[in-house]
Amino acid sequence: YVTTIIEDAKIYATHAKKSTVDADDIKLAIQCRMDQSFTSPPPRDFLLEVARQKNLTPLPLIKPYTGPRLPPDRYCLTAPNYRLKTVQKKLTSSGRITVPRLSIGAVSSRP
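Residues numbered from 1 in each chain as written. Predicted model: local features only at pLDDT ≥ 70, side-chain atom pairs only at ≥ 80, totals over all residues. Heavy atoms only, no water.

- If you check an unreviewed UniProt entry, the protein appears there as Transcription initiation factor TFIID subunit 9-like from Notothenia coriiceps.
- Looking at the Sequence similarities (unreviewed entry) heading of the UniProt record, one finds this comment for the protein: "Belongs to the TAF9 family."
- What UniProt records for the protein under Subcellular location (unreviewed entry) is the sentence "Nucleus". (UniProt positions renumbered as here; feature names shortened; annotations may be inferred.)

**Digging into the overall build of the protein**
No. 1: Of the regular secondary structure elements, the protein holds 3 helices and 2 strands.
No. 2: Ordered by position in the sequence, the α and β elements of the protein form the string α-α-α-β-β.
No. 3: Looking at the 111 residues of the protein, the share that counts as buried comes to 6%.
No. 4: When contacts within the protein are restricted to residue pairs at least 6 apart in sequence, those whose partners lie at least 24 apart make up 22%.
No. 5: Total accessible area on the protein stands at roughly 11700 Å², and carbon and sulfur atoms take up 59% of it. (Helix = DSSP H or I, 4+ residues; strand = E, 2+ residues; numbered from the N terminus. Buried < 20%, exposed > 50% of the residue type's maximum accessible area, 1.4 Å probe, protein only. Contact = heavy atoms within 4.5 Å. Areas by Shrake-Rupley, 256 points an atom, 1.4 Å probe, with all protein chains shown as cover.)

**Examining a nonpolar patch on the surface**
No. 1: Together, Tyr1, Val2, Ile6, Ile30, Met34 and Phe38 line one region of the surface with nonpolar side chains, adding up to about 610 Å² of accessible area.
No. 2: For the nonpolar patch, the secondary-structure elements that each account for two or more residues are helix H1 (2-15) and helix H2 (23-37).
No. 3: Residue placement: isoleucine 30 occurs in helix H2.
No. 4: A residue is classified by how much of its surface remains accessible, and isoleucine 30, at 34% relative accessible area, is partly exposed. (Patch = residues over 30% accessible without salt bridge, like charges linked within 9 Å, V, L, I, M, F, W, Y side chains within 5 Å. Salt bridge = Lys/Arg side-chain N within 4 Å of Asp/Glu carboxyl O.)

**As for the packing of H1 against H2**
Describing two packed helices takes the angle between their axes plus the distance from one axis to the other.
No. 1: Put simply, H1 and H2 touch, their axes get as near as 8 Å, and they point 120° apart. Taken together, the axes of H1 and H2 lie oblique to each other. Crossing angle aside, the handedness with which H1 passes H2 is right-handed. Between H1 and H2, the contacting residues are Thr4, Ile5, Asp8, Ala9, Tyr12 and Ala13 on the first element and Asp25, Ile26, Leu28, Ala29, Ile30, Cys32 and Arg33 on the second. (Axes fitted to C-alpha atoms, helices over the stretch in contact; angles between N-to-C directions. Parallel < 35°, antiparallel > 145°, perpendicular 65-115°, else oblique. Left-handed = near helix turned anticlockwise from the far one by under 90°.)

**Quick word on unusual backbone geometry**
No. 1: Phi angles above zero are rare outside glycine, and lysine 17 is one such case at about 60°.
No. 2: Within the secondary structure, lysine 17 is located in the loop between H1 and H2.

**Let's talk about H1**
No. 1: Its 14 residues give H1 an end-to-end C-alpha distance of 20 Å, which sits within 8% of 20 Å, the value for a rise of 1.5 Å per residue.
No. 2: Burial in H1 covers these residues: Ile5, Asp8, Ala9 and Ala13. The buried residues of H1 occupy an angular sector of 140° when the element is viewed end-on, so they sit on one face. Opposite the buried face of H1, at more than 90 degrees from it, the exposed residues are Thr3, Ile11, Thr14 and His15.
No. 3: Where H1 is buried, its residues contact H2. (Expected span 1.5 Å × (residues − 1). Arc of directions from axis to C-beta.)

This is the structure:
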C-alpha cells in the first residue's frame, strides 16, 4: 500500500514539474487511492426519499388460509408414495369368508 502511494505521489510530483515529492503530493495520492478503493454512503436525504417512494406501494394482502401455509402441491411431498396391497378373501367350504392374518416375523424367545 505504501509503495503504491509513493509511486503515485512521484507521478503527481513529475506532473506538477517538481523535483521532489512533498506532503501535498502524498496527500493527493492517498485521497485518490481512497476514492478508488472505498465509496461513501449516499446522503441521508437521498435514502429517506428512496424509502418514502418505496413505502408508498402497499404490501399485498395476506390470503386467509386455515392451517399451515404450504407451497403449491407440485412442490410438496405430501402425496402418498406407497400403495397398500389388497388382501384376497378366501371362501371356505362352510361358506365363511376367511381373511389371512398378517405375520410380522417369527418371534423366538431366548433361554
